[in-house]
There are 2 protein chains.
Amino acid sequence: MRILLADDDDQLQRALRITLAARGYEVIAARDGAEAIDLAANAHPDLILLDLGMPRVDGLDVIRAVRAWSKVPILVLSGRTDSAEKVDALDAGADDYVTKPFAMDELLARIRARARSTSGEADAAAHAIGALTVDLAAKTIRSTDASGNATSVRLTPTEWRLLELFLKNPGKLLTRQMLLSEVWGPFHANDAGYLRLYVAQLRRKLEPTPSEPRFFLTEPGMGYRFEPGAVEAT
Amino acid sequence: MRILLADDDDQLQRALRITLAARGYEVIAARDGAEAIDLAANAHPDLILLDLGMPRVDGLDVIRAVRAWSKVPILVLSGRTDSAEKVDALDAGADDYVTKPFAMDELLARIRARARSTSGEADAAAHAIGALTVDLAAKTIRSTDASGNATSVRLTPTEWRLLELFLKNPGKLLTRQMLLSEVWGPFHANDAGYLRLYVAQLRRKLEPTPSEPRFFLTEPGMGYRFEPGAVEAT
DNA sequence: GCGGGGCGTTAGGGGTCCGTGAGGATCGGC
DNA sequence: GCCGATCCTCACGGACCCCTAACGCCCCGC
């Protein structure tokens, strides 16, 4: 669980970083709006804690920029208490709004609520790809082969991000644009070459016969589709 | 958009009901916790506005009961301002927590934020064409045949664009001009040959007997019409 | 009965997209 | 500074999709 902490208040940022790290979150920090947008695109946070009123780029513009390509939960922190400010932020795409000063345990509870809504509990369940068992949380892939061969497959970070998208959308078509935005960020929506390469990598590592894919299917002209193996009862 | 309003305060409930109805929401009301659970199960609300501290059943128990089988967004209203109460409600499964008294426009913005987060799956409504089930979002067509044959139909991108237009305008006449400009762009309004070709493709792939179309009908001299299959009782 | 326009169908070519392999560039660890 | 892993670039062969062209059929008007 990676949290992007965008705040220009040194003291608050340090306090939050310590508290969040103690709860097991991985924290990455941004000092202004431009840096927040950049990190949101390239560091793949699972949640964004955004302070309105940072320098260089307005907080609302940060929300709109991120929302243009990502659905990552955005939790706004702000000292402003007037409701107009809240309405603007929420309607721009923020998911929650907390006014400073706030109680730390309440903020943590709201973070958990937002994290819960996106994880979908699907992480806990082990996904099956043919004879392989994938654990997204532990980042492990083991063979459930009856012969007891403990052949473990290793994936690179980029491969994991791609695989995660496939496993979380079984049966659904994932367009090139969507995959590229989620894995490589919104500024690489045209580099279709990346996809061909890494899909080929996944197939080579996960498909029984990579030349005839059963799970990672190509939809010509549109994108790719992960088809969970039907539980055949032979 | 249907909202379940669970509150035992007559005055507040009346005010909220009027305000929400004026915004185009459909409001169903519950007077206590037991009724709220009952309506949440049977009335299929898209969002729940829940007042803690209602009689008969504790608010937290309502949250837990609903969360046992549903992911519908729950927005808690409460007069209690201590953070422990908020933490308990959020961790029980609530998605947001607003303390009374609250600004009405802020509440409405938070409702919109919650509605936005779930609307993604709403338009994934499955359309039916005879024995086939079409999912426009996932780009899948599966056979709901009773014999259990999971024959899936594959469509090309152009076929999908055309089918999407038909499914979104059931029963309506679609002129050649409209179809051509939507699928092939405004500069191909005269290439009627495209249409004949691709309508034939759709019929071949989707009609039970392509030579006698039941769903994709020709209106001579004008265009085409998609007639959703009436549930025949033969 | 006759001719014409619109519609359905089929086959084939051109172009775009996809799969694959090798090689260079970059980053972090030792 | 060396080394390994990971990421990206580039080029080529092949598959698939889209479009073009032609033919047969039905309906309609004359």
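Definitions and limits used
- Residues numbered from 1 in each chain as written.
- Chains lettered and ligands numbered in written order.
- Predicted model: local features only at pLDDT ≥ 70, side-chain atom pairs only at ≥ 80, totals over all residues.
- Heavy atoms only, no water.
- Contact = heavy atoms within 4.5 Å.
- Buried area = accessible area lost by both parts, 1.4 Å probe.
- Salt bridge = Lys/Arg side-chain N within 4 Å of Asp/Glu carboxyl O.
- Polar contact = N/O pair within 3.5 Å; in protein donor to acceptor, adjacent residues only side chain to side chain.
- Helix = DSSP H or I, 4+ residues; strand = E, 2+ residues; numbered from the N terminus.
- Nonpolar A, V, L, I, M, F, W, Y, C, P; charged D, E, K, R; others polar.
- Near = heavy atom within 4 Å.
- Buried < 20%, exposed > 50% of the residue type's maximum accessible area, 1.4 Å probe, protein only.
- Pairing = 2+ DSSP bridges.
- Axes fitted to C-alpha atoms, helices over the stretch in contact; angles between N-to-C directions.

Novice: Mind laying out the interface of chain A and chain B, listing which residues take part and the relevant values?
Specialist: Between chain A and chain B, the residue contacts involve 30 residues of the former and 28 residues of the latter. With both sides pooled, the region where chain A packs onto chain B buries about 2400 Å², and carbon together with sulfur makes up 44% of that total. Considering only the surface of chain A that becomes buried against chain B, A:Leu90, A:Arg110 and A:Arg116 emerge as the three largest contributors, covering 19% of it. Where chain A packs against chain B, one counts 10 salt bridges. Where B:Arg154 meets A:Glu219, a salt bridge forms, and the shortest distance between an N and an O atom there is 3.7 Å. The interface formed by chain A and chain B includes 20 residue pairs in polar contact (both at pLDDT 80 or more). Counting residues per element, the ones that place at least two in the side of chain A that touches chain B are α4 (83-92), β5 (96-99), α5 (104-119) and β10 (216-219) of chain A. In terms of residues, the side of chain A that touches chain B owes the most to one element, α5(A), which gives 8 residues. Its residues assigned to classes, the side of chain A that touches chain B comprises 10 nonpolar, 5 polar and 15 charged.

Novice: Can you break down the protein's contact with DNA strand D residue by residue, with the values?
Specialist: In the region of DNA strand D, 18 residues are neighbours, and A:Thr156, A:Thr158, B:Thr158, B:Trp184 and B:Tyr194 sit closest. Note that a phosphate oxygen of DNA strand D is positioned 3.0 Å from one of the side-chain N or O atoms of A:Arg154. A distance of 2.6 Å is found between a phosphate oxygen of DNA strand D and a side-chain nitrogen or oxygen belonging to A:Thr156. Looking at the surface near DNA strand D, the elements with two or more residues in it are α6 (157-168) and α8 (192-206) of chain A together with α6 (157-168) and α8 (192-206) of chain B. Among the elements that take part in the surface near DNA strand D, α8(A) stands out by supplying 4 residues, more than any other.

Novice: Which residues make up the pattern of salt bridges, and what are the values?
Specialist: Residues and elements named next belong to chain B. What the rule picks out here adds up to 36 salt bridges over all chains. Taking the shortest distance from any N to any O, the salt bridge between lysine 168 and glutamate 164 comes out at 3.1 Å. In this pair, lysine 168 and glutamate 164 both sit in helix α6, 4 residues apart, roughly one turn of the helix. Relative accessible area serves as the criterion here: at 24%, glutamate 164 is assigned to the partly exposed category.

Novice: Can you break down the sheet that holds strand β3 (residues 47-51) of chain B residue by residue, with the values?
Specialist: Residue and element names in this part refer to chain B. Read across the sheet, 5 strands follow the order β2-β1-β3-β4-β5 without closing on themselves; strand pairing throughout is parallel. Lying at the two open borders of the sheet, with one neighbouring strand each, are β2 (26-30) and β5 (96-99). Within this sheet the neighbouring strands show an average axis-to-axis angle of 20°, counted without direction. As paired strands, strand β1 (residues 2-6) and β2 are joined by 5 bridges and run parallel to one another. The partner of leucine 4 across the bridge, within β2, is isoleucine 28. The strands touched by helix α4 (residues 83-92) are β4 (74-78) and β5; relative to β5, the strand with the most contacts, the crossing angle is about 150°. The strands touched by helix α5 (residues 104-118) within the sheet are β1, β3, β4 and β5, with β3 carrying the most contacts at an inclination of about 140°.

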